[in-house]
Amino acid sequence: MGNDGPGRWPSHPSNNGSQDDPEDGLSDASSALTQLGNEEFPRHFSEREGRLFHAHGGSPYPMPVDGGEQTRLNALHHILFERLNSHYGGPVRDVLAGEPGRHRRVLDLCTGTGTWVMDMASTFTNVRFSGIDIVPIVPRTTPRNIHFEIADATQPLRWPDGTMDFVHARNVSMAVADYRRTLSEAARVLRRGGLFFSGEILRKVTFDPNYFAGEPTVDAPRAENFYRIINRALAFRGLTNYAEEIAEYVYTSGQFGSVRRESYEIPIGEWSSSSSGRRLGARYRDNLAMFAWNFAPMLKDAGHSDSFIEEIIQGFVDDMGTVRGMVGVYQTVWARRC
């Protein structure tokens with residue numbers, strides 16, 4: 001999907017008690033794709049200043065959903081895989097191990113372009129994957145163990161209690177305002193012993209202490225200012241900067257045990273001592289530049305002038321390219337359903 005016009009999206013599943021999947025009535029046949037007609041296009045997308053956005057009035061998500069942003073999201077997916085050397089954290093293989101007479105099920109919240117689901121489904125070929133999002137920007141063709149549908153992750157999920165073995169929620173903090181509510185729904189649809197996973201990139205300036213004990217306001221003031229401004233604009237939309245609180249949310253919900261939090265640093269720029277780190281850092285620096293420029297429409301909606309927006313974003317991009325020792329922090333949390 002993108003600026004090329006309507007894409008494809010799977011038809012909504014029928015709840016007809018299909019024998020192919022007695023757990024929620026979702027049969028393999030529901031993965032057949034249907035064309036999104038021109039008359040349906042305005043229901044899901046709106047265009048402003050040459051960029052494509054979601055048309056879901058109830059969602060605070062501020063970013064474009066067009067081809068440029070999809071390219072950035074897919075690139076970020078591969079950056080995270082390279083840093084973690086995995087598409088997941090926690091005992092996923094144990095949770096998704098086969099059990100006679102039962103299909104294992106995975107739900108991906110705010111699936112976006114669906115790349116994570118596609119990669120996971122190619123590894124766990126006997127597991128059934130569902131991905132939900134408010135816009136249809138997933139691949140045009142999918143394997144039979146994948147089902148995508150249009151749904152809002154901030155609303156009650158359609159699946160019965162205890163349906164899922166694994167609920168995955170990566171980079172949802174700019175779409176989900178009430179994380180505790182979404183977490184409660186994730187717990188409801190998980191079976192006992194099922195796995196919940198969260199992964200969020202922190203929206204703040206951080207330095208690798210082993211390289212440079214920098215002070216953000218002194219050593220990267222333009223990057224620090226950018227994050228301050230966008231976090232304030234996001235807060236006006238109800239999207240507080242809660243990523244570092246997710247582990248506490250999971251623990252205090254009383255619905256999970258074995259809560260684990262881990263942080264992974266991703267170099268920004270080509271300062272790493274290793275060639276692989278320099279390559280990764282260059283790719284992540286470029287990804288962050290795209291990320292920053294894609295915030296321009298939100299900042300304009302917040303009342304900032306074009307000249308102010310260009311100054312703020314260009315300053316961030318310049319700091320990302322010149323200040324050595326900066327890292328992005330990808331924080332993961334996983335836990336088992338009690």
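Residues numbered from 1 in each chain as written. Predicted model: local features only at pLDDT ≥ 70, side-chain atom pairs only at ≥ 80, totals over all residues. Heavy atoms only, no water.

1. Quick notes on the overall build of the protein
Right, on to step 1. The secondary structure content of the protein amounts to 11 helices and 12 strands.
Right, on to step 2. Put simply, the protein has 338 residues, and 54% of those count as buried.
Right, on to step 3. Sequence separation of at least 24 residues holds for 74% of the intrachain contacts in the protein that already meet a minimum separation of 6.
Right, on to step 4. For the protein, the exposed surface amounts to about 14800 Å²; the carbon and sulfur share of it is 48%. (Helix = DSSP H or I, 4+ residues; strand = E, 2+ residues; numbered from the N terminus. Buried < 20%, exposed > 50% of the residue type's maximum accessible area, 1.4 Å probe, protein only. Contact = heavy atoms within 4.5 Å. Areas by Shrake-Rupley, 256 points an atom, 1.4 Å probe, with all protein chains shown as cover.)

2. Concerning the packing of helix 2 (residues 67-84) against helix 4 (residues 115-123)
Packed helices, taken two at a time, are described by their axes: the angle between them and the distance between them.
Right, on to step 1. Following both chains from N to C, one finds helix 2 and helix 4 inclined at 45°, their axes separated by 10 Å at the closest point. For the element pair helix 2 / helix 4, the angle class is oblique. Within the contact between the two elements, helix 2 uses Asn 74, His 77 and His 78 and helix 4 uses Thr 115, Trp 116 and Asp 119.
Right, on to step 2. Per-class residue counts for the contact of helix 2 with helix 4 are one nonpolar, four polar and one charged. (Axes fitted to C-alpha atoms, helices over the stretch in contact; angles between N-to-C directions. Parallel < 35°, antiparallel > 145°, perpendicular 65-115°, else oblique. Nonpolar A, V, L, I, M, F, W, Y, C, P; charged D, E, K, R; others polar.)

3. Let's talk about the packing of aromatic side chains
Right, on to step 1. Per the stated rule, a full pass over the model turns up 14 aromatic pairs.
Right, on to step 2. Ring centres 5.3 Å apart and planes at 90° place the aromatic pair Phe 207 and Phe 212 in the edge-to-face group.
Right, on to step 3. The exposure class assigned to Phe 207 is buried, which follows from its relative accessible area of 8%.
Right, on to step 4. Accessibility expressed as a relative area gives 32% for Phe 212, which makes it partly exposed.
Right, on to step 5. The rings of Phe 226, Tyr 227, Phe 291, Phe 295 and Phe 316 are connected pair by pair, giving a single aromatic cluster. (Phe/Tyr/Trp six-rings, centres within 6.5 Å; stacked < 30°, edge-to-face > 60°.)

4. Observations regarding the nonpolar core
Right, on to step 1. Grouped together as the largest cluster of nonpolar side chains are 64 residues, with contacts concentrated most on Phe 129, Phe 166, Phe 226 and Phe 295.
Right, on to step 2. Broken down by element, this core gets its largest block of residues, seven residues, from helix 7 (residues 221-236).
Right, on to step 3. Once you skip the residues sitting within four places of it in the chain, Phe 226 turns out to touch Phe 291, Ala 292, Phe 295, Ile 312, Ile 313 and Phe 316. (Core = buried A, V, L, I, M, F, W, Y, C linked by side-chain atoms within 4.5 Å.)

5. Side note on the side chain of Glu 185
Right, on to step 1. Tracing the backbone shows Glu 185 in helix 5 (residues 179-189).
Right, on to step 2. A polar atom in the side chain of Glu 185 sits 2.7 Å from the backbone nitrogen of Leu 157.
Right, on to step 3. With sequence-adjacent residues up to four places away left out, Glu 185 is seen in contact with Gln 155, Pro 156 and Leu 157. (Polar contact = N/O pair within 3.5 Å; in protein donor to acceptor, adjacent residues only side chain to side chain.)

6. Let's talk about helix 11 (residues 306-322)
Right, on to step 1. Helix length check: helix 11, at 17 residues, gives a terminal C-alpha distance of 24 Å against a target of 24 Å (1.5 Å per residue), a fit within 8%.
Right, on to step 2. Restricting attention to buried positions, one finds in helix 11 the residues Ile 309, Ile 312, Ile 313, Gly 315, Phe 316, Asp 319 and Met 320. Across the axial projection of helix 11, the buried residues extend over an arc of 150°, all falling on one side. Facing away from the buried side of helix 11, by more than 90 degrees, are the exposed residues Asp 306, Ser 307, Glu 311 and Thr 322.
Right, on to step 3. Tucked into the core, helix 11 has its buried residues touching helix 7, helix 9 (275-293), helix 10 (296-301) and strand 12 (326-337). (Expected span 1.5 Å × (residues − 1). Arc of directions from axis to C-beta.)

7. Description of the pairing of strand 4 (residues 51-54)
Right, on to step 1. Relative to strand 4, strand 3 (residues 45-48) runs antiparallel, the two being bridged by four bridges. Along strand 4, the bridge assignment pairs Arg 48 with Arg 51.
Right, on to step 2. The turn joining strand 3 and strand 4, which pair antiparallel and follow one another in sequence, is formed by two residues; a positive phi near 50° is taken by Glu 49. (Pairing = 2+ DSSP bridges.)

That is the geometry; function is a separate question.
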